[in-house]
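Working through the structure, step by step
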Amino acid sequence: MEYTRVLHKPLVSEKATWAKDMDNQVVFLVNKASNKVEIRKAVEKAFGVKVERVNVTNKRPRTRRRFGREV
């Protein structure tokens, strides 16, 4: 898979900004079908850096409540 299909966008949040400042880490939203090796290659190709380690986590979408019911 080419890197434009693996990396969707960088995640900008308070926790991601702290990780960037303190630990020199960058947080991305990536394709669900991609694995750690594909993510590593995509970041290295896109930004011209050497990736030391890749951490992946799956996050469930938030359940939205409307009028006391889940939607």
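Because the structure is predicted, anything quoted here is derived from the model rather than measured.

**Structural notes on the environment of V27**
As for its placement among the helices and strands, V27 is situated in the loop between α2 (14–23) and β2 (28–30). With relative accessibility at 28%, the residue V27 sits in the partly exposed group. Residues V27 and V54, spaced 27 residues apart in sequence, show a C-alpha to C-alpha distance of 10.0 Å.

**As for the layout of surface pockets**
Considered as a void within the structure, the largest pocket measures approximately 1,600 Å³ in volume. Taken together, 34 residues line the largest pocket, and the ones lying closest to its centre are V26, V27, F28, N55 and V56. Where the lining of the largest pocket is concerned, the elements lending two or more residues are α2, β2 and α3 (36–47). Looking at the lining of the largest pocket, the element that brings in the most residues is α2, giving 5 residues. The residue inventory of the lining of the largest pocket, partitioned by class, reads 17 nonpolar, 8 polar and 9 charged.

What counts, and where the lines are drawn
- Residues numbered from 1 in each chain as written.
- Predicted model: local features only at pLDDT ≥ 70, side-chain atom pairs only at ≥ 80, totals over all residues.
- Heavy atoms only, no water.
- Helix = DSSP H or I, 4+ residues; strand = E, 2+ residues; numbered from the N terminus.
- Buried < 20%, exposed > 50% of the residue type's maximum accessible area, 1.4 Å probe, protein only.
- 1 Å grid on protein atoms, 1.4 Å probe; cavity = no way out; pocket = protein on both sides within 12 Å on 5 of 7 lines; lining within 4 Å.
- Points joined across faces, edges and corners; volume = space filled by probe spheres on them.
- Nonpolar A, V, L, I, M, F, W, Y, C, P; charged D, E, K, R; others polar.

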